[in-house]
Amino acid sequence: MEVVLKNLTKKFPGRDKKNPVEVIAVNDFDFTIPDGKLVGLLGPSGCGKSTTLNLISGLEKPTSGQIFFGDDDVTKLPPENRGIGLVFQNYALYPHLTVRQNILFPLQNLKGKEKLSKQVMEEKALEAARLVQIEDLMARRPSELSGGQQQRVAIARALVKMPKVLLLDEPLSNLDARLRLQTREEIRRIQNETKITTIFVTHDQEEAMSICDLMIVMKAGVVHQIGKPQDIYDDPKNLFVAKFLGTPAINVFEGEVKNGKIYIGKDGIMDAPKVQDGKVYVGIRPEGFKLAEEGALKLKLSRVEVMGRDVSIIGTKEEAQSKNVRAIISSDNLVDTRKDSVAFDLNPKKVFIFDYDTEERIRF
């Protein structure tokens, strides 16, 4: 099911009685979510991603704009008539019901022409349980399950009606690191098998990049960039997007362009012949450093961390925004830890410059 958002805006009234300023949670969101794709809404807390999901589900009404499921305008349609499946962060399972009863619950509430026989409901519940691999747990109650198992029950309950659109609101936040990895792989597998259009809300960029077909990066209610995860990582539109994506985070320096060359402090790191002179922000991905005896960029060496196949070189630079600058190189390289400084050449594809005032990307 294709989901179309047309100029979607949501404003909340301000709480300050003396100066009630409206809060714009979603600002003019305009995008088409393709049929059968898994799309991630990504951004920091308070960016409007959960509000966007609530607007799509019908739990919130937009201030302006429209929502279409295919050709149908569902903007004013109540949630129960939209054909959605919704999975929350906290599972929201009924504690007094078994796994089977929790999964059956949405089917038991169907009325009129949609009402199913008991046998059909049981078959659908078992099919949903098999899809998330919990068919052996049907007689248990939520308190007898692990966090990962409870989340699978919640997903099965959302899938049992085979919704037009599946909405996942930070579904992995309550799981430990290993379970998060396993469950996100399961979500990707289930989405591939069912081909249900899925919208996945998360603040974790690693989650979004690993399973999404398309990613929407938001900040303060505004969409900053839309695209395939790797494309956004390789080609960020602005400094916010560049800083938000990547683990470890991108290294950001205050620099300048002078006579067609990019400088960080006294180090001329790269040619930029078509860029105007002036102050810029320089972003360098950790994997963009290449150890070189007479390299263009010099850092004061702090320490070296051996991580198996990779080595992290931690250094400092007066012009850096953060306390430490992190360079990741292959463990095949030898770093002389007796020296006070270390020098690097840079991979041009991993270096970005941004306007100092607008923080928009400058291409060179």
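Up top you'll find the structure we're talking about.
Values in this document were obtained by computation on a predicted structure and should not be read as measured data. (Residues numbered from 1 in each chain as written. Predicted model: local features only at pLDDT ≥ 70, side-chain atom pairs only at ≥ 80, totals over all residues. Heavy atoms only, no water.)

K.L.:
Which residues make up the environment of alanine 249, and what values go with them?
P.N.:
Inspection of the secondary structure assignment puts alanine 249 in the loop between helix 8 (239-244) and strand 11 (251-258). In this structure, the C-alpha to C-alpha distance between alanine 249 and serine 146, residues 103 residues apart in sequence, is 32 Å. Setting aside residues up to four positions removed in sequence, alanine 249 forms contacts with Lys243 and Pro286. (Helix = DSSP H or I, 4+ residues; strand = E, 2+ residues; numbered from the N terminus. Contact = heavy atoms within 4.5 Å.)

K.L.:
Can you explain the side chain of threonine 183? Please cite residues and give values.
P.N.:
On the secondary structure map, threonine 183 appears in helix 5 (residues 177-194). Not counting residues up to four positions away in its chain, the partners in contact with threonine 183 are Gln151, Leu172 and Leu175.

K.L.:
Summarise the pattern of salt bridges; cite the residues concerned and give the values.
P.N.:
For the coordinates displayed, the defined rule picks out 20 salt bridges. We note a salt bridge from glutamate 305 to arginine 303, for which the minimum N-O separation is 3.1 Å. Owing to a relative accessible area of 22%, glutamate 305 belongs among the partly exposed residues under this scheme. Its salt-bridge partner being aspartate 310, residue arginine 309 comes within 3.8 Å of it at the nearest N-O pair. According to the relative accessible area criterion, arginine 309 is exposed, its value standing at 70%. (Salt bridge = Lys/Arg side-chain N within 4 Å of Asp/Glu carboxyl O. Buried < 20%, exposed > 50% of the residue type's maximum accessible area, 1.4 Å probe, protein only.)

K.L.:
Provide a residue-level description of the sheet that holds strand 19 (residues 341-346), including the pertinent values.
P.N.:
Read across the open sheet, the 5 strands follow the order 15-19-16-17-18; overall the sheet is antiparallel. If you trace the sheet from one side to the other, it starts and ends with strand 15 (289-291) and strand 18 (325-330), each paired once. Going from strand to strand, the sheet's axes swing by 50° on average, the running direction of each strand aside. Two elements, strand 16 (residues 297-306) and strand 17 (residues 310-316), share 6 bridges in a ladder whose sense is antiparallel. Across the sheet, residue arginine 303 finds its bridge partner in strand 17, namely isoleucine 314. (Pairing = 2+ DSSP bridges. Axes fitted to C-alpha atoms, helices over the stretch in contact; angles between N-to-C directions.)

K.L.:
Provide a residue-level description of the pairing of strand 3 (residues 38-42), including the pertinent values.
P.N.:
Judged by how many residues are buried, strand 3 sits mostly within the fold: 5 of 5 residues are covered. Of the two faces of strand 3, both are covered, the one formed by Leu38, Gly40 and Leu42 as well as the one formed by Val39 and Leu41. The pairing of strand 3 with strand 9 (residues 214-219) spans 4 bridges and is classified as parallel. Following the sheet pairing, leucine 41 is matched in strand 9 by isoleucine 216.

K.L.:
Hey, could you go over the sheet that holds strand 4 (residues 64-69) for me, with residue numbers and the actual values?
P.N.:
On the basis of which strands lie adjacent, the open sheet formed by 4 strands has the order 2-1-4-5 and antiparallel pairing. In this open sheet, the two edge strands, each paired with only one partner strand, are strand 2 (23-33) and strand 5 (72-73). Pairing analysis gives 5 bridges linking strand 1 (residues 3-12) to strand 4, with the strands arranged antiparallel. Its bridge partner being in strand 4, valine 4 is matched across the sheet by phenylalanine 68. Helix 1 (residues 49-57) rests against strand 1, strand 2 and strand 4 of the sheet, and its axis sits at about 120° to strand 1.

K.L.:
Can you explain the packing of helix 4 (residues 147-159) against helix 5? Please cite residues and give values.
P.N.:
Put simply, helix 4 and helix 5 touch, their axes get as near as 11 Å, and they point 20° apart. Comparing their axes, helix 5 and helix 4 come out roughly parallel. Note on packing geometry: the crossing formed by helix 4 with helix 5 is right-handed. Along its contact with helix 4, which presents Gly148, Gln151, Arg152, Ile155 and Leu159, the element helix 5 presents Leu179, Thr183, Glu186, Ile187 and Ile190. Along the lines of polarity and charge, the residues of the contact of helix 4 with helix 5 split into 5 nonpolar, 3 polar and 2 charged. (Parallel < 35°, antiparallel > 145°, perpendicular 65-115°, else oblique. Left-handed = near helix turned anticlockwise from the far one by under 90°. Nonpolar A, V, L, I, M, F, W, Y, C, P; charged D, E, K, R; others polar.)

All quantities given are derived from atomic positions and should not be read as evidence of function.
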